[in-house]
Amino acid sequence: MKLVVIGLGQCGGRIADEFARLNKRARAHRGMEIITGAFAVNTDAADLSGLQNIKADYQHRILIGGRKTSGHGVGKINELGAEIAREDADKVVDAIRSTKRFFETDAFLLVAGAAGGTGSGSIPIMTQHVKERYGDKPVYNLVVLPFQHEEETEERTIYNSAVCIKSADSVADAIILVDNQRYVRKDFSLKNNLSKINALIVEPFYDLLCAGEEKKARHIGAKVLDAGDIIQTLVGWTVIGYGSSRLSRLGVSFGSRHFRKKSTETHKGIQAMDEALSELSLKCNPADAGRALYLLSAPAKEMNMDLIKELGDYLKELTPDAIIRNGDYPRERGVMDVTVMLSELNDVAKVRHYYSESARFIHEVKQKQAQAESKLKTVEDAGKDIPSLL
Ligand SMILES: Nc1nc2c(ncn2[C@@H]2O[C@H](COP(=O)(O)OP(=O)(O)OP(=O)(O)O)[C@@H](O)[C@H]2O)c(=O)[nH]1
Ligand SMILES: [Mg+2]
């Protein structure tokens with residue numbers, strides 16, 4: 001599958017840059033392209049200069065809102081991010097049109113952090129414009145949810161997130177939710193290592209995007225998971241996960257029909273799928289998924305249809321209502337990898353939490369405003385007989 005990736009704001013831009021890196025890796029190691037164009041859009045010129053893999057020209061690193069922000073961002077006011085996106089959307093749409101191999105693109109992926117200003121405000125607006133202009137291709141969003149400490153210390157964090165995801169949900173074909181806090185849980189030192197987190201966020205996309213682009217027979221599975229399968233799976237709220245089991249050399253000494261080898265393979269496969277499910281990009285209940293997919297990637301000799309079926313049965317138990325698509329991807333690396341996507345989730349606790357907390361926030365803001373106005377009125381009343389110099 002080939003994507004055009006557009007990163008909005010600092011978080012979005014850096015993750016788009018990471019996708020550009022993924023494409024370089026696919027080109028160097030697998031001789032294929034998985035990203036037809038990578039763009040970063042920001043109101044902050046310094047953030048754009050810090051990127052490493054996205055082409056450095058103004059058509060790939062796109063500065064918007066120059067007059068309004070003088071190149072310094074919108075300071076977490078996502079309404080302003082949205083307004084600027086509305087004014088400058090054509091700049092972005094025109095740049096996409098210049099993508100060299102645009103005709104090969106299967107879908108768009110727009111990326112942003114929900115809690116900021118530029119990315120949070122502009123992602124729904126840009127999604128709308130891209131959809132209007134390129135109606136025949138699906139447009140997906142990847143939205144990064146804030147760390148817990150941000151939710152606790154900055155009032156606007158939750159409100160921005162709620163407004164961003166609600167708006168994105170009304171325009172995007174699917175929203176892949178990624179919770180920053182999940183990566184800290186895994187390894188606390190990551191809290192201050194955003195680039196490491198970004199690498200972990202994009203990693204599950206590598207095999208997923210590559211599998212359908214293989215041209216060499218020895219890397220083409222019995223059941224190829226291609227762009228069509230992914231597009232059929234991606235609808236509404238979505239999460240993604242990735243797990244890996246190291247293969248011991250032991251397996252090689254048995255013939256492929258040996259019962260011990262088969263049970264080892266199954267065990268390793270289930271172990272990788274368990275990891276993928278416990279490391280999903282956002283905590284959710286798999287039973288709420290309406291669609292799911294899994295991709296098994298391992299050396300050809302370690303894979304067989306039984307293993308794929310057993311993984312399918314296992315996932316079906318956890319997602320009884322989901323239509324499940326799958327694929328196998330023969331790659332030699334001494335590991336067995338499983339990528340899982342759960343989509344069309346009909347309930348996401350975190351989304352509900354943002355919505356209900358924001359409703360309270362809006363109420364509190366209104367109350368505070370009313371209080372402030374009445375205090376101001378008291379001061380004005382007290383000074384009404386004082387002469388003014390103006
Ligand atoms: N995973 C990840 N999250 C990031 C990164 N940079 C920022 N964030 C998160 O994104 C949110 C802030 O959004 P930013 O992208 O910094 O904001 P912006 O879109 O540039 O908007 P303004 O700076 O307000 O104009 C916070 O929740 C951050 O934790 C990053 O590189 N990776
Ligand atoms: Mg910024």
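The sections below set out a description of the structure shown in this document. (Residues numbered from 1 in each chain as written. Chains lettered and ligands numbered in written order. Predicted model: local features only at pLDDT ≥ 70, side-chain atom pairs only at ≥ 80, totals over all residues. Heavy atoms only, no water.)

### Observations concerning the overall build of the protein
Looking only at helices and strands, one finds 15 helices and ten strands in the protein. In terms of overall size, the protein behaves like a compact globule, its C-alpha atoms giving a radius of gyration of 24 Å where 390 residues would be expected to give roughly 21 Å. Here the C-alpha coordinates of the protein stretch approximately 100 × 40 × 40 Å along the principal axes. For the protein, buried positions account for 53% of its 390 residues. Counting only contacts in the protein whose residues sit at least 6 apart along the sequence, the fraction spanning at least 24 positions is 81%. Roughly 18500 Å² of accessible area belongs to the protein as shown, and the carbon and sulfur atoms make up 52% of that amount. (Helix = DSSP H or I, 4+ residues; strand = E, 2+ residues; numbered from the N terminus. Rg over C-alpha atoms; globule rule 2.2 N^0.38 Å. Buried < 20%, exposed > 50% of the residue type's maximum accessible area, 1.4 Å probe, protein only. Contact = heavy atoms within 4.5 Å. Areas by Shrake-Rupley, 256 points an atom, 1.4 Å probe, with all protein chains shown as cover.)

### What to know about the packing of aromatic side chains
Two descriptors summarise a pair of aromatic rings, namely the distance from one centre to the other and the angle between the planes of the rings. Taken as a whole, this structure holds five aromatic pairs when the rule is applied. Ring geometry for Phe19 and Phe205: centres 5.3 Å apart, planes at 65°, overall edge-to-face. Note that Phe19 is positioned in helix α1 (residues 9-30) and Phe205 in helix α10 (residues 205-211), a separation of 186 residues in sequence. Comparing Phe19 with Phe205 shows no difference in burial state: the two are buried. (Phe/Tyr/Trp six-rings, centres within 6.5 Å; stacked < 30°, edge-to-face > 60°.)

### Quick word on the side chain of Asp179
Relative to the elements of secondary structure, Asp179 occurs in strand β6 (residues 174-179). Excluding its chain neighbours within four sequence positions, the residues that come into contact with Asp179 are Leu145, Pro146, Ser281, Leu282 and Lys350.

### Quick notes on the nonpolar core
Counting residues in each nonpolar core, the largest one holds 67 residues, and the members touching the most others are Ile6, Ile96, Phe108, Val143, Leu177 and Leu342. If you tally residues by element for this core, the top one is helix α4 (residues 78-97), at eight residues. Membership of the second largest hydrophobic core comes to 47 residues, among which are Ala174, Tyr183, Ile201 and Leu209. (Core = buried A, V, L, I, M, F, W, Y, C linked by side-chain atoms within 4.5 Å.)

### Regarding the site of ligand 1
Taken together, 23 residues lie near ligand 1, and Lys76, Thr118, Gly119, Asn180 and Asn198 sit nearest. Note that an oxygen atom of ligand 1 is positioned 2.9 Å from one of the side-chain N or O atoms of Glu150. Taking Asn180, its side chain carries an N or O atom lying 2.8 Å from a nitrogen atom of ligand 1. In isolation ligand 1 exposes 640 Å². Once the protein is present, 92% of that is buried. Residue composition of the shell around ligand 1, grouped by class: nine nonpolar, eleven polar and three charged. (Near = heavy atom within 4 Å. Polar contact = N/O pair within 3.5 Å; in protein donor to acceptor, adjacent residues only side chain to side chain. Nonpolar A, V, L, I, M, F, W, Y, C, P; charged D, E, K, R; others polar.)

### Thoughts on the sheet that holds strand β10 (residues 335-343)
Spatially, the ten strands line up as an open sheet ordered β3-β2-β1-β4-β5-β6-β7-β10-β8-β9, and their pairing is mixed. The strands lining the two open edges of the sheet, one partner per strand, are β3 (61-63) and β9 (323-330). Each strand axis lies, on average, 20° off the axis of its neighbour in the sheet, ignoring direction. In this sheet, β9 lies alongside strand β8 (residues 291-298) in parallel orientation, the contact comprising eight bridges. Within β9, the residue paired with Ser297 across the bridge is Tyr329. Relative to strand β1 (residues 3-8), α1 is tilted by about 150°, and along the sheet it contacts β1, β2 (35-42), β4 (107-113), β5 (139-145) and β9. (Pairing = 2+ DSSP bridges. Axes fitted to C-alpha atoms, helices over the stretch in contact; angles between N-to-C directions.)

### A closer look at helix α5 (residues 118-133)
Over its 16 residues, α5 extends 22 Å from the first C-alpha to the last, a length consistent with the 22 Å expected when each residue adds 1.5 Å. Of all the bends in α5, the greatest measures close to 30° and is centred on Pro124. The set of residues buried in α5 consists of Thr118, Gly119, Ser120, Gly121, Ser122, Ile123, Pro124, Ile125, Met126, Thr127 and Val130. (Expected span 1.5 Å × (residues − 1). Bend = angle between axes of the 7 residues up to and from the residue.)

### Considering the pairing of β2
Summarising burial for β2: eight of the eight residues are buried, a large majority. For β1 and β2, the ladder comprises six bridges, and the chain directions are parallel. The residue bridging Val5 from the neighbouring strand is Ala38, located in β2. In this fold, β1 hands off to α1, which returns the chain to β2; that crossover is right-handed. As paired strands, β2 and β3 are joined by three bridges and run parallel to one another. By the bridge assignment for β3, Ala40 is matched with Arg61. (Right-handed = clockwise from strand over helix to strand, strands pointing away.)

### A few points about the pairing of β4
Regular strands show a simple pattern: their side chains alternate between the two faces of the sheet. Here β4 lies mainly inside the structure; seven of its seven residues are buried. Neither face of β4 is exposed, since Ala107, Leu109, Val111 and Gly113 on one face and Phe108, Leu110 and Ala112 on the opposite face are all buried. Across six bridges, β4 lies against β5 in parallel orientation. When the sheet's bridge partners are listed, Ala112 is paired in β5 with Val143. In this fold, the crossover linking β4 to β5 by way of α5 has right-handed handedness.

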